[in-house]
Amino acid sequence: MSVTLSLEVNGKPVSLEVAPRTLLVDLLRDSLRLTGTHIGCDTAQCGACTVHLDGRAVKSCNVLAVQTAGAKVTTIEGIGSDAALHPMQAAFRDHHGLQCGYCTPGMVMSALDLVARHPAPSRDEIREALDGNICRCTGYHNIVTAIEAGAKAMKA
Amino acid sequence: MYEFAYHRATSLENAASLLASADDGRVLAGGQTLVAAMKLRLAAPSDLVDLRGIPELSGVCRDGDTMIIGAMTTHSAVNASDDLKATIPALAELAGGIGDAMVRNQGTIGGSVANNDPAADYPAALLALGATIRTERRTIAADDFFTGMYETALEPGEMIVSIGFPIPKRAAYVKFPNPASRYALVGVFVADGPAGVRVAVTGAGSGVFRATAFESALSGRFAPEALDGLTVDASELSGDMHASAEYRAHLVGVMARRAVGKSTGA
């Protein structure tokens, strides 16, 4: 039994038929082919699936797609392009804020939620904000440096 | 996840009638526990009634000497509320320590309270502050609400509308978080308010409870030293791979002393 779901993804209206049990992350990856959002643990712990729901970071593996009806969803594809990276993405590249890169989309989306509310976060605040994002390469030091630099670049 | 029918309620009345006509309907708030449980097939409701579309269920407001928080208010919103920071800062701070940032953006106070996880933070605040839970049918005192592990006084189909917190003279919450899950291994909420001194403990047993011996001691003298030599009975606490019952009993005393110190600025 499917239902019609209408929402806005990366600024574009989307309307499609989904089964109520479809997770937001599966809608994004399988139906909309937005595969930048990753599934890591699939148990709402690792944060690789982090996207913005009406401007706030959420774990899309733990949200039903139908819960986002009428909402605005932003994924990593919605913040920059290959030709023009978002300043936060550029900071991750410049400061080697990734190793394997699997957790990076979630890290960037969490970072942007933090910077939206705290334009100049301290290193401690950045670490606290990343509580729900796990990097198994354990590259946290450079991730924190990248977010610090990305926040500065966004103000410039 | 098993299949289910999804309904977005347009009002409380609409939600009540949707629940009444479902075989095995459940209320969906933020879903941070329920969706995860459904993925694991630990929960398999026939119908989900989503309260997200009822705007009057979200928000924080003041009514005399009581702060009222709508059931669908997210942990982030409670944490960021200037009104709460000015009246019950311990409650705003508690909300900012639940789960992680993404869970706090989606999880709600009503969902957490209705779920009554034995290691959740909010139940300790409700019990210590002498809160009142308002449903679409009645009001329930926190003392009568938390009835056991994942059990509450809510009847089938009954929904939390808001929670009222009397503003205390002073209060503080201190927890020892499990380093992996961030759930409270032991959390203690101490409040000195209209109902006297109350000490509520979460994480340590099968559900939130009051440490009445601590309350009596603090009623005489509200200072960390008043708790010297006092303990809780480890035989009634939980022991697991994370902490033995004896260690939890010890932590209750430590967290309580820290909370009293914090609430008095000591």
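Look up: the structure comes first, before these words.
Residues numbered from 1 in each chain as written. Chains lettered and ligands numbered in written order. Predicted model: local features only at pLDDT ≥ 70, side-chain atom pairs only at ≥ 80, totals over all residues. Heavy atoms only, no water.

Trainee: Looking at this model, I keep getting lost on the overall build of chain B. Mind explaining?
Mentor: The helix and strand inventory of chain B stands at 11 helices and 14 strands. For 266 residues, the compact-globule formula gives about 18 Å, and the C-alpha radius of gyration of chain B, at 18 Å, lands near that figure. Taken over the C-alpha atoms alone, chain B extends approximately 55 × 45 × 30 Å along its principal axes. Looking at the 266 residues of chain B, the share that counts as buried comes to 56%. Element-wise, carbon and sulfur atoms account for 50% of the exposed surface of chain B, whose accessible area totals about 10,900 Å². In chain B, 22 side chains carry a positive charge and 29 a negative one; their mean positions are 6 Å apart. (Helix = DSSP H or I, 4+ residues; strand = E, 2+ residues; numbered from the N terminus. Rg over C-alpha atoms; globule rule 2.2 N^0.38 Å. Buried < 20%, exposed > 50% of the residue type's maximum accessible area, 1.4 Å probe, protein only. Areas by Shrake-Rupley, 256 points an atom, 1.4 Å probe, with all protein chains shown as cover. Lys, Arg positive; Asp, Glu negative; His and termini not counted. Charge placed at Lys NZ, Arg CZ, Asp CG, Glu CD.)

Trainee: Quick question: what am I supposed to make of empty space enclosed by the protein here?
Mentor: It is the rolling of a water-molecule-sized probe over the atoms that shows where space remains empty. Counted by the stated rule, this structure contains two cavities of 30 Å³ or more. Around the largest cavity, the lining residues are B:A128, B:L129, B:G130, B:P166, B:P168, B:A191, B:G193, B:P194, B:A195, B:G196 and B:R198. For the lining of the largest cavity, a count of residues per class yields seven nonpolar, three polar and one charged. Around the second largest cavity, the lining residues are A:A57, A:S110, A:D113, A:L114, A:R117, A:A129, B:A101 and B:M102. When residues of the lining of the second largest cavity are traced back to their parent elements, those giving at least two are α3 (104-117) of chain A together with α6 (101-106) of chain B. (1 Å grid on protein atoms, 1.4 Å probe; cavity = no way out; pocket = protein on both sides within 12 Å on 5 of 7 lines; lining within 4 Å. Points joined across faces, edges and corners; volume = space filled by probe spheres on them. Nonpolar A, V, L, I, M, F, W, Y, C, P; charged D, E, K, R; others polar.)

Trainee: What exactly am I supposed to notice about the packing of aromatic side chains here?
Mentor: Any pair of aromatic rings gets described here by the distance separating the centres and the angle formed by the planes. Residues and elements named next belong to chain B. As enumerated under the stated definition, the model contains three aromatic pairs over all chains in all. Both rings, one in F145 and one in F146, keep their centres 5.1 Å apart while their planes meet at 85 degrees; by these two values the pair is edge-to-face. With respect to class, F145 is no different from F146; both count as buried. The side chain of R41 reaches across the aromatic face of Y2, ending 4.1 Å from its centre. (Phe/Tyr/Trp six-rings, centres within 6.5 Å; stacked < 30°, edge-to-face > 60°. Lys NZ or Arg CZ within 6 Å of the ring centre and 35° of its normal.)

Trainee: How do you make sense of the pattern of salt bridges when you look at a structure like this?
Mentor: Pairing between side chains of opposite charge can happen when their charged atoms approach one another. All names here are of chain B. According to the stated counting rule, one finds 20 salt bridges over all chains in the structure shown. One salt bridge in this structure joins K262 and E93, with 2.6 Å as the shortest N-O distance. Taken together, the positions of K262 in helix α11 (residues 245-263) and E93 in helix α5 (residues 89-95) put the pair 169 residues apart, joining distant regions of the chain. Its relative accessible area of 39% is what places K262 among the partly exposed residues. Looking at E93, the relative accessible area reads 47%, which means it is partly exposed. (Salt bridge = Lys/Arg side-chain N within 4 Å of Asp/Glu carboxyl O.)

Trainee: Please clarify how the interface of chain B and chain A should be interpreted in this entry.
Mentor: Quoted interface sizes are often the accessible area lost when the parts come together. Between chain B and chain A, the contact holds 26 residues from the first and 27 residues from the second. The junction of chain B with chain A conceals about 2,200 Å² of combined surface from both sides, 52% of it contributed by carbon and sulfur atoms. Among the residues chain B hides against chain A, the three largest losses belong to B:K39, B:M102 and B:N105. Together they make up 28% of the total. Here A:D42 and B:K39 are joined by a salt bridge, their closest N and O atoms 2.8 Å apart. (Contact = heavy atoms within 4.5 Å. Buried area = accessible area lost by both parts, 1.4 Å probe.)

Trainee: How should the packing of α3(A) against helix α5 (residues 140-155) of chain A be read in this particular structure?
Mentor: If you want to describe how two helices pack, look at the angle between their axes and the distance between the axes. Residues and elements named next belong to chain A. Packing of α3 against α5 brings their axes to within 10 Å, and their N-to-C directions diverge by 45 degrees. With respect to α5, the element α3 is oriented oblique. As α3 runs across α5, the sense of the crossing is right-handed. Packed against α3, whose contacting residues are M107, A111, L112 and V115, the element α5 presents Y140, I143, I147, A151 and M154 at the interface. (Axes fitted to C-alpha atoms, helices over the stretch in contact; angles between N-to-C directions. Parallel < 35°, antiparallel > 145°, perpendicular 65-115°, else oblique. Left-handed = near helix turned anticlockwise from the far one by under 90°.)

Trainee: Explain α3(A) here, please?
Mentor: The periodicity of an α-helix, 3.6 residues per turn, causes residues three or four positions apart to be oriented the same way. All names here are of chain A. Taking 1.5 Å per residue as the helical rise, α3 with its 14 residues ought to reach 20 Å, and the 20 Å between its terminal C-alpha atoms agrees with that figure. Most of α3 sits inside the fold, with 12 of its 14 residues counted as buried. For α3, the full list of buried residues reads T104, P105, G106, M107, V108, M109, S110, A111, L112, D113, L114 and V115. (Expected span 1.5 Å × (residues − 1).)

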